[in-house]
Amino acid sequence: MSRYFSNISEKIFSGNNPGKYLKYALSEILLVVIGILIAVSINNWNEKRKQDNALKNTFSVLAEDIKNDREEAQFILDHYKNREDLFLKIMNGTISEQEVRDCRSCPYIITGRRSFVIDKRAYNMLLNFKRNTTSDEDTMIVKIVLFYSNIIADTETIRNEIQENVTENLAYFRDNYDWFAEAIQENITDDYINFMHKSPAFRNRVAYHYALIYENFIPTLEAFLENSEIILDRIDERYGE
């Protein structure tokens, strides 16, 4: 490039008509500048196309993850909704001894759990895309990242609280009741049945577990289902055929 401009300079100052060569030099420079601008424009267009394709692929993966997570969330939601009456009967002391004997769920109502773990694959892809592009201008990306950040934090918090409660319940039974070893082997003794039917300690523990599930976990699942459906609609509006 320096040699090119040196040659132009020689032509301008060595000839008898410097004005003529000056116009020639300016036209040559203009052509070079136009060529550079075109090359930059093509490069930017290619980069933009690559980003758009990468984003489209990310949203495709996100939609797949959301659909799988929604199925799992709905399954867990249905599971706990089917058990809510049982929780309430135990808490209110209205469950009969025979109902306890016939109830296969009662012995494990506060020592088992259904976990909901959100698939972070597409979320991490979206985060990486956001870091490496000017995607802050894309409000859809910003809103999805914010939603996932919040819902992941919420589900992990309540999941840990439920797990801690289950662990504490098992430890309490282990340390205080002789029927624990039998119960672990799914052998439900009369002593355990009597404990579930009459013990205030059992009712209180069921009530606390109920609060964790129905006042915290269930609303979190419902919020995920509601907002994830909106995200699927937005993805379909953006990329649907």
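For the structure itself, look to the data block above.
The rules we used
- Residues numbered from 1 in each chain as written.
- Predicted model: local features only at pLDDT ≥ 70, side-chain atom pairs only at ≥ 80, totals over all residues.
- Heavy atoms only, no water.
- Helix = DSSP H or I, 4+ residues; strand = E, 2+ residues; numbered from the N terminus.
- Expected span 1.5 Å × (residues − 1).
- Bend = angle between axes of the 7 residues up to and from the residue.
- Polar contact = N/O pair within 3.5 Å; in protein donor to acceptor, adjacent residues only side chain to side chain.
- Core = buried A, V, L, I, M, F, W, Y, C linked by side-chain atoms within 4.5 Å.
- Buried < 20%, exposed > 50% of the residue type's maximum accessible area, 1.4 Å probe, protein only.
- Contact = heavy atoms within 4.5 Å.
- Salt bridge = Lys/Arg side-chain N within 4 Å of Asp/Glu carboxyl O.
- Patch = residues over 30% accessible without salt bridge, like charges linked within 9 Å, V, L, I, M, F, W, Y side chains within 5 Å.
- Areas by Shrake-Rupley, 256 points an atom, 1.4 Å probe, with all protein chains shown as cover.
- Lys, Arg positive; Asp, Glu negative; His and termini not counted.
- Charge placed at Lys NZ, Arg CZ, Asp CG, Glu CD.
- Axes fitted to C-alpha atoms, helices over the stretch in contact; angles between N-to-C directions.
- Parallel < 35°, antiparallel > 145°, perpendicular 65-115°, else oblique.
- Left-handed = near helix turned anticlockwise from the far one by under 90°.
- Disulfide = S-S within 2.5 Å.

Peer 1: Help me understand helix α8 (residues 200-239), please; the structure alone is not making it clear to me.
Peer 2: Along an α-helix, a turn takes 3.6 residues, which lines up residues three or four apart on a common side. Over its 40 residues, α8 extends 57 Å from the first C-alpha to the last, a length consistent with the 58 Å expected when each residue adds 1.5 Å. Taken as a whole, α8 carries its principal kink of about 30° at Phe-217; the proline Pro-219 stands between one and four residues after it. With a side-chain oxygen positioned 3.2 Å from the backbone nitrogen of Ala-201, the residue opening α8 is Ser-199.

Peer 1: Would you take a moment to explain the nonpolar core for this structure?
Peer 2: Within soluble globular proteins, side chains that are nonpolar generally end up buried alongside one another. Ranked by size, the top nonpolar core spans 59 residues in total, and within it Phe-59, Leu-62, Tyr-148, Phe-202 and Phe-217 carry the most contacts. Elements with a minimum of two residues in this core: α2 (18-92), α4 (121-132), α5 (139-176), α6 (180-184), α7 (190-198) and α8. Considering every element that reaches this core, the biggest residue donor is α8, with 14 residues. In this structure Phe-217 touches Ile-76, Tyr-80, Arg-114, Phe-116, Ile-158, Ile-162 and Leu-212, once residues within four positions along its chain are discounted.

Peer 1: Is there a simple way to explain the pattern of salt bridges in this structure?
Peer 2: Between side chains of opposite charge, pairing is possible as soon as their charged atoms come close. A complete count under the given rule lists 10 salt bridges for this structure. Taking the shortest distance from any N to any O, the salt bridge between Glu-222 and Lys-81 comes out at 3.5 Å. Here Glu-222 is found in helix α8, whereas its partner Lys-81 is found in helix α2, with 141 residues between them in sequence. Between Glu-97 and Arg-101 there is a salt bridge; the shortest N-O distance is 3.3 Å. You can see Glu-97 and its partner Arg-101 sitting in helix α3 (residues 97-102), four residues apart, about one turn around the helix. Since its relative accessible area comes to 37%, Glu-97 is described here as partly exposed. Shared partners join several salt bridges into a network, and the residues in it are Glu-64, Asp-65 and Arg-121.

Peer 1: What exactly am I supposed to notice about a negative patch on the surface here?
Peer 2: Together, Glu-226, Glu-229, Asp-233 and Asp-236 give the surface a local cluster of negative charge. Structurally, the position occupied by Asp-233 is in helix α8. What makes Asp-233 partly exposed here is its relative accessible area of 40%.

Peer 1: Help me out: how do you make sense of the packing of α5 against α8 in this one?
Peer 2: Helices that pack against each other are described as a pair by the angle of their axes relative to one another and the distance between those axes. Orientation of α5 relative to α8, taken along the N-to-C sense of each, is 160°, at an axis distance of 10 Å. Here α5 lies roughly antiparallel to α8, going by the angle between them. Considering how the two elements wind past one another, α5 and α8 form a crossing that is left-handed.

Peer 1: Would you mind showing me how to read the state of the cysteines here?
Peer 2: Working definition: the covalent bond between the sulfur atoms of two cysteines is a disulfide. The final tally for this structure, using the stated rule, is one disulfide. Across the disulfide, Cys-103 is cross-linked to Cys-106 (sulfur-sulfur distance 2.4 Å). Negative torsions about the S-S bond denote left-handed disulfides, and the value of about 95° found for Cys-103 with Cys-106 makes this one right-handed. For the pair formed by Cys-103 and Cys-106, the shared burial category is buried.

Peer 1: Would you mind showing me how to read the side chain of Asp-65 here?
Peer 2: Within the secondary structure layout, Asp-65 lies in helix α2. In contact with Asp-65, not counting residues within four places along its chain, are Asp-119, Arg-121 and Ala-122.

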